[in-house]
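Letter by letter, the chains look like this.
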Amino acid sequence: MTTPRPEPQISVATAKSVRLGVLLAAVGGFLDAYTYVTRGGVFAGAQTGNVVLLGVDVAGGRWVEALVFLPPLTAFVLGVMTAEFIALPAIERIVRRPVRAVLCYEILVLVIVGFLPATVPDAVVSVILAHVAGVQVTTFRVLVDSPFNTTMTTGNLRTMAMAAFHRVVEHDREAGIRARRFGAVISGFLGGAVLGAVSVELFALRAIWVVAVMLIVALALFVFDERPPRSAAAKR
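Quick caveat: nothing in here was measured; it's all calculated off a predicted structure. (Residues numbered from 1 in each chain as written. Predicted model: local features only at pLDDT ≥ 70, side-chain atom pairs only at ≥ 80, totals over all residues. Heavy atoms only, no water.)

**Student:** How do you make sense of the nonpolar core when you look at a structure like this?
**Tutor:** Looking at soluble globular proteins, one finds that nonpolar side chains tend to be buried together. By size, the foremost hydrophobic cluster in this structure holds 38 residues, and its most contacted members are Leu-129 and Phe-140. When sequence neighbours within four positions are dropped, the list of residues in contact with Leu-129 reads Leu-31, Tyr-34, Thr-35, Ala-44, Leu-110, Val-113 and Ile-208. Listed in part, the 6 residues of the second largest apolar core include Ala-25, Leu-143, Phe-182 and Phe-189. (Core = buried A, V, L, I, M, F, W, Y, C linked by side-chain atoms within 4.5 Å. Buried < 20%, exposed > 50% of the residue type's maximum accessible area, 1.4 Å probe, protein only. Contact = heavy atoms within 4.5 Å.)

In structure tokens:
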């Protein structure tokens, strides 16, 4: 019986890097802006917003409108379960590089979504993208050495504020570094949302392909990081 081959250490470092974290946060912000503007006012990743809007509609007796938010919530949960399934040891024997496999899956789904016509119901697209967001947020959840979120920003904002407090009050340099890291991630999320809104104005529903390009860049980071040094390659 062969033991599963673990992800190379350099892949693990890339998956937890600030540059990848900022890029994936931008993807999360983009997806939320995209679904909110083009697909019925729901969020792909920010399920807190969906729960709030669901509660508002329920309180107002708008039961039909409230039902719109249930499919993306369910799809997000299934996305989380999908990511956990991929991480099982039995699956790791088949999927040798699960992190890169997740990025490839996201890219494929987003390219397909870009081809869907406007006649496809909003609920269908929001469900697909919520599932993608669930997979992403579960796969990428550590920034260097701290838990973080690529599809929502509340927890990241709290972590940044706490770290900034300890930097100012206790002169903790590590806390200051952590605050800057999370500040970069929050800025990435905001930038992604802005880019998403602008892209929708320019490209309408095809704007989702911009996210696919961003994820291709994220995948390239792993490929680039795992290239052997030129000196080592020359000896082969």
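**Student:** Explain the pattern of salt bridges to me, please; I cannot follow it from the model alone.
**Tutor:** Working definition: two side chains of opposite charge can pair if their charged atoms are close together. Within the structure shown, the criterion is met by 4 salt bridges. Two residues, Arg-141 and Glu-84, come together in a salt bridge whose shortest N-O distance is 3.2 Å. Of this pair, Arg-141 sits in the loop between α8 (122-139) and β1 (142-143) while Glu-84 sits in helix α5 (residues 70-86); the two residues are 57 residues apart in sequence, bridging distant segments of the chain. Of the residues examined, Arg-141 reaches a relative accessible area of 45% and is grouped as partly exposed. When the shortest N-O distance is used, the salt bridge between Asp-145 and Arg-181 registers 3.6 Å. Taken together, the residues span a long stretch of sequence, with Asp-145 in the loop between β1 and β2 (146-147) and Arg-181 in helix α10 (residues 173-203) at a distance of 36 residues. (Salt bridge = Lys/Arg side-chain N within 4 Å of Asp/Glu carboxyl O. Helix = DSSP H or I, 4+ residues; strand = E, 2+ residues; numbered from the N terminus.)

**Student:** Explain a nonpolar patch on the surface here, please?
**Tutor:** On the surface, a cluster of nonpolar side chains totalling about 500 Å² of accessible area is made up of Leu-190, Val-194, Val-198, Leu-202 and Phe-203. Inspection of the secondary structure assignment puts Leu-190 in helix α10. (Patch = residues over 30% accessible without salt bridge, like charges linked within 9 Å, V, L, I, M, F, W, Y side chains within 5 Å. Areas by Shrake-Rupley, 256 points an atom, 1.4 Å probe, with all protein chains shown as cover.)

**Student:** Just to check I follow, could you spell out α10 for this structure?
**Tutor:** In an α-helix, one turn spans 3.6 residues; hence positions three or four apart end up facing the same way. Here α10 contains 31 residues, and its C-alpha end-to-end distance of 44 Å stays within 8% of the 45 Å for a straight helix at 1.5 Å per residue. In this structure Asp-172 caps α10, since a side-chain oxygen of it lies 3.0 Å from the backbone nitrogen of Glu-174. (Expected span 1.5 Å × (residues − 1). Polar contact = N/O pair within 3.5 Å; in protein donor to acceptor, adjacent residues only side chain to side chain.)

**Student:** How should the packing of aromatic side chains be read in this particular structure?
**Tutor:** Evaluated as defined, the whole model comprises 2 aromatic pairs. Judged by centre distance (5.1 Å) and plane angle (15°), the rings of Tyr-36 and Phe-43 are stacked. What makes Tyr-36 partly exposed here is its relative accessible area of 44%. Taking the centre distance of 4.9 Å and the plane angle of 65° together, the rings of Phe-115 and Trp-209 count as edge-to-face. Here Phe-115, found in helix α7 (residues 98-115), pairs with Trp-209, found in helix α11 (residues 208-225); they are 94 residues apart in sequence, far enough to count as distant. On the accessibility criterion, Trp-209 (29% relative accessible area) is partly exposed. (Phe/Tyr/Trp six-rings, centres within 6.5 Å; stacked < 30°, edge-to-face > 60°.)

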